[in-house]
Structures are given as structure tokens and as C-alpha cells.
Amino acid sequence: SSDLLVSDFADADLVERALSSGASIIAVDTFLSPTAQRANLVLAAAAAGEKSGTVTNIEGRVQTVSQKVNVAGTSRPDWMIATELSARLGSDLGFTSVESVTEAIAASVPAYAGITPANLAGARDGLLAVQSTGSSIQPSGQEVPTASGYDYRLLVTRELYDLGINTQMSPSLAGLPRGARAHVNPADLERLGVAAGTSVRVGTERGSVVVALHPDAGLPRWTVLMPFNQPGVHINALLNTNSLVADARIETI
């Protein structure tokens, strides 16, 4: 979904430069998201429940999903949009059905080898994708910088419900994101001399935000944990995607 760019990508400056570059932008989205509003052309994609295919959960289990309702208006499944765009640009992706896309994934992605429509049809609980034996993560060659004047190592996490466009456009889900906040070890909260829920300023070399501070006994000392893409504060203002780590200050206000 294109809303990942404006609100859910760590490097907000890079997104702004890309969207302001003058290049033609085609958005494929289920809603007129913040990014889609910046596009030259918006193509309506079928949403969940409006298309068939597969879904891979956090375990790596692949299961089939079936279309339950008709698409809204002239919306189309993503694979159809990609196939027609490719044809108009003089290329043939070779897809004639969503099953042919699943076949192509099984043939070209090692982790999905054997996860074909035929095999999925006989697997009531789906199939577990096979993880690659080789790690694709290589050492960067960079040394982790030593913090200078910043007491805390910033940790960023994601939660199930956030400002994703599909969540926000669902009346039953829109109120579930818990909001922006920061967590530290209770001993660090005591050292700062503030009560749980007090607003503090968390800053990095890139900028600062004001959030409520809460204790979390599961965190090691000298770390501060903040959820990403939550209502209230966009913490991508704190992040530098060119750095291996982000160190932060916490200041009382």
C-alpha cells in the first residue's frame, strides 16, 4: 500500500525528496492514502476480501484466501493491474490468473519452493515456507558509533494496530492503536525523577518529540523503546536510516 511512504517509512526526508522530484508517480492503492494524494495517477486495487490469493503469516505459514465480496467500483486485484501496466509498457509478465502468480513465486523464490496451488489445495492448515539456509544479512563494515552526550539507545518496534491506512479506514479497528509513547526500565524512570505517564522530550541527532514516558521492567537499563507509526507523534523524525543505531536523550519538560 502506498501509504507506507508518507507515514510509515523511516526516512521521511527521502520520501519527501522522491515525491517532490518531478517524476511521474503511479499509485496502486485501496484508499486515497496520503501518498496516493501526491500521485499523478491512482489505480484502484481490490481490498482484502475482494480478491483471492495467499497470505503468509508471521510464522511463515502460507494459506489460501478466497474472494468473499464483489470489488468496489472498477477496482482490480494487484496482479491484474501489474500485468496490464506491463503490457502497456511493452512487456508480458506471463500471468493469466492468480494461480499463475503463485506458481511463479514457487518457481523463483527458494523459501516458497513447493508452495504451489496444487499443494496448497491439499493442505488444510497451509504450508510452512522453508527458510533459506544462508543468511542474506551481511556485515556492513561500519563500526557502531559510541554515544556522545546521548544516554539512551533508541529501540523502535511495531505493533499490530497503527496508522496503516486499512486500519484507519475500518470503523472497528481505527480506535485500537495505543498512541505514541516511550518506555524505559523502571530504574531509569526513577533516575529521571518523573512519574509514569509524564510527558518528556526524547531527542536524537535528527530531532526531538514530546511523548509520555512509561516503565517497562522487560527493558535493559539505558534503552528507550518507542512504537512506530502511532497517532500523536511521528517518530521517523528521530531516525537516520544511514546510521546503524540511534542514540537518544530524555529531558524533562
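In case you missed it, the structure is sitting above this.
Calculation notes
Residues numbered from 1 in each chain as written. Predicted model: local features only at pLDDT ≥ 70, side-chain atom pairs only at ≥ 80, totals over all residues. Heavy atoms only, no water. Helix = DSSP H or I, 4+ residues; strand = E, 2+ residues; numbered from the N terminus. Buried < 20%, exposed > 50% of the residue type's maximum accessible area, 1.4 Å probe, protein only. Contact = heavy atoms within 4.5 Å. Areas by Shrake-Rupley, 256 points an atom, 1.4 Å probe, with all protein chains shown as cover. Polar contact = N/O pair within 3.5 Å; in protein donor to acceptor, adjacent residues only side chain to side chain. Phe/Tyr/Trp six-rings, centres within 6.5 Å; stacked < 30°, edge-to-face > 60°. Lys NZ or Arg CZ within 6 Å of the ring centre and 35° of its normal. Core = buried A, V, L, I, M, F, W, Y, C linked by side-chain atoms within 4.5 Å. Salt bridge = Lys/Arg side-chain N within 4 Å of Asp/Glu carboxyl O. Pairing = 2+ DSSP bridges.

### Here's the deal with the overall build of the chain
Counting its secondary structure elements, the chain contains seven helices and 11 strands. Taking all 253 residues of the chain together, the buried fraction comes to 32%. For the chain, long-range pairs separated by at least 24 residues make up 62% of all intrachain contacts whose partners lie at least 6 apart in sequence. Accessible surface for the chain amounts to roughly 15000 Å². Of this, 54% is attributable to carbon and sulfur atoms.

### Observations concerning the environment of Gln230
Mapping Gln230 onto the fold places it in the loop between strand 10 (223-227) and strand 11 (247-252). Once residues within four sequence positions are removed from consideration, Gln230 is found in contact with Glu159, Tyr161, Asp162, Leu163, Pro177, Arg178, Gly179 and Ala180. At a separation of 2.9 Å, a polar atom in the side chain of Gln230 contacts the main-chain carbonyl oxygen of Tyr161.

### Quick look at the side chain of His183
As for its placement among the helices and strands, His183 is situated in strand 7 (residues 182-184). At a separation of 3.1 Å, a polar atom in the side chain of His183 contacts the side chain of Arg181. Those residues in contact with His183 that lie beyond four places of it in its chain are Leu213, His214, Pro215, Asp216, Leu219, Thr223, Val224 and Leu225.

### Examining unusual backbone geometry
A positive phi angle, near 65°, is found at Trp222, a position not held by glycine. Examined against the element boundaries, Trp222 turns out to sit in the loop between strand 9 (208-215) and strand 10.

### Comments concerning the packing of aromatic side chains
Tallying each qualifying case throughout the model produces one aromatic pair. Residues Tyr152 and Trp222 carry aromatic rings whose centres are separated by 5.6 Å and whose planes lie at 45° to one another, so their mutual orientation is tilted. Linking Tyr152 in strand 6 (residues 152-157) with Trp222 in the loop between strand 9 and strand 10, this pair joins segments that are 70 residues apart in sequence. According to the relative accessible area criterion, Tyr152 is buried, its value standing at 1%. The residue whose ring lies beneath Arg249 is Tyr150, and the NZ or CZ to ring-centre distance is 4.1 Å.

### Examining the nonpolar core
Within the largest apolar cluster, 22 residues are counted, with the highest numbers of intra-cluster contacts made by Leu154, Val202, Leu213, Val224, Met226 and Ile250. Elements represented by at least two residues in this core include exactly strand 6, strand 7, helix 7 (186-192), strand 8 (198-203), strand 9, strand 10 and strand 11. Residue contributions to this core peak at three residues, all from strand 9. When near neighbours in sequence (up to four residues on either side) are disregarded, Leu213 contacts Ala182, His183, Val184, Leu189, Leu192, Val194, Ala195, Ala196, Gly197, Thr198, Val200 and Ile250. Listed in part, the six residues of the second largest apolar core include Val15, Ile25, Ala27 and Ala36.

### Some remarks on the pattern of salt bridges
Counted according to the given criterion, the structure contains nine salt bridges. In this structure, Glu84 and Arg88 form a salt bridge, with 3.3 Å as the shortest nitrogen-oxygen distance. Separated by four residues within a single helix, Glu84 and Arg88 lie in helix 3 (residues 78-88), roughly one turn from each other. Judged by relative accessible area, Arg88 falls into the exposed class, the value being 67%. Taken together, the shared-partner salt bridges in this structure form one network comprising Arg76, Glu84 and Arg88.

### Overview of helix 4 (residues 98-108)
Of the residues making up helix 4, those classed as buried are Val98, Ser100, Val101, Thr102 and Ala106. Turning to helix 4, the residues buried within the fold contact strand 3 (53-56), helix 3 and helix 5 (117-121).

### What to know about the side chain of Asp162
For Asp162, the location among the structural elements is in the loop between strand 6 and helix 6 (165-168). Among the polar contacts made by the side chain of Asp162, one reaches the main-chain amide nitrogen of Gly164 at a distance of 2.9 Å. The residues touching Asp162, leaving out its near neighbours within four places in the chain, are Thr167, Gln168, Pro177, Phe228, Asn229 and Gln230.

### Quick word on the pairing of strand 8
Pairing geometry for strand 8 and strand 9, over six bridges, is antiparallel. Bridge pairing links Val200 to Val211 in strand 9. Hairpin connection between strand 8 and strand 9: a loop of four residues separates the two successive antiparallel strands. In this structure, strand 8 lies alongside strand 11, joined through four bridges in antiparallel fashion. What sits directly across from Arg201, in strand 11, is Glu251.

Purely geometric numbers; function is a separate question.
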